[in-house]
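Tertiary structure, described
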Amino acid sequence: IGEVKELSSLVMPDKAVITNVGEAHIGNIGSLYDIALAKAEIIFGLKQDGELILPNDIKFKDVIQKIASEHSIPIYFFNRNSYEILEYTHEGIRFY
């Protein structure tokens, strides 16, 4: 907890994507709720006009939405079953 906030504040991304709140870090963080809070820390470093992208079915969606709302960060949702990967590059993945 705290690492994502620190790194995000250094990088100040334009956009952030949280793809999952899963059990991978549960040994270090303790609960899925706390994992969601830790992942949502990326919001703190987003640029003032930054955007957050989330899957429609993400766990603790309401918690992440509340934090984004408190920081006036717009959220865009995607359906995991309705996207198409257009291109993989050294800069990232472009998808529709």
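As shown above, the structure is provided for reference.
Residues numbered from 1 in each chain as written. Predicted model: local features only at pLDDT ≥ 70, side-chain atom pairs only at ≥ 80, totals over all residues. Heavy atoms only, no water.

**Remarks on the pairing of strand β3 (residues 75–78)**
In regular strands, side chains alternate between the two faces of the sheet. Pairing of strand β2 (residues 51–55) with β3, which is carried by 4 bridges, proceeds in the parallel orientation. Of the residues in β3, the one forming a bridge with Leu54 is Phe77. Where the polypeptide runs from β2 across helix α5 (residues 61–70) and back to β3, its parallel neighbour, the crossover connection is right-handed. (Pairing = 2+ DSSP bridges. Helix = DSSP H or I, 4+ residues; strand = E, 2+ residues; numbered from the N terminus. Right-handed = clockwise from strand over helix to strand, strands pointing away.)

**Remarks on the layout of surface pockets**
Put simply, the largest pocket is a space of about 370 Å³. What lines the largest pocket is a set of 13 residues, and nearest its centre among them are Val17, Ile53, Gly92, Ile93 and Phe95. Mapped by element, the contributors of at least two residues to the lining of the largest pocket are β1 (15–17) and β5 (92–95). Its residues assigned to classes, the lining of the largest pocket comprises 8 nonpolar, 2 polar and 3 charged. Every residue lining the second largest pocket is listed: Ile1, Gly2, Glu3, Val4, His25, Asn28, Ile29, Ile35, Ala38, Lys39 and Glu41. The leading source of residues in the lining of the second largest pocket is helix α3 (residues 32–40), at 3 residues. (1 Å grid on protein atoms, 1.4 Å probe; cavity = no way out; pocket = protein on both sides within 12 Å on 5 of 7 lines; lining within 4 Å. Points joined across faces, edges and corners; volume = space filled by probe spheres on them. Nonpolar A, V, L, I, M, F, W, Y, C, P; charged D, E, K, R; others polar.)

**Side note on the pattern of salt bridges**
The full count for this structure, using the stated rule, is 3 salt bridges. Across the salt bridge formed by Lys66 and Glu70, the nearest N and O atoms sit 2.9 Å from each other. Of this pair, Lys66 and Glu70 both sit in helix α5, 4 residues apart, roughly one helical turn. Each of the two residues, Lys66 as well as Glu70, counts as exposed. (Salt bridge = Lys/Arg side-chain N within 4 Å of Asp/Glu carboxyl O. Buried < 20%, exposed > 50% of the residue type's maximum accessible area, 1.4 Å probe, protein only.)

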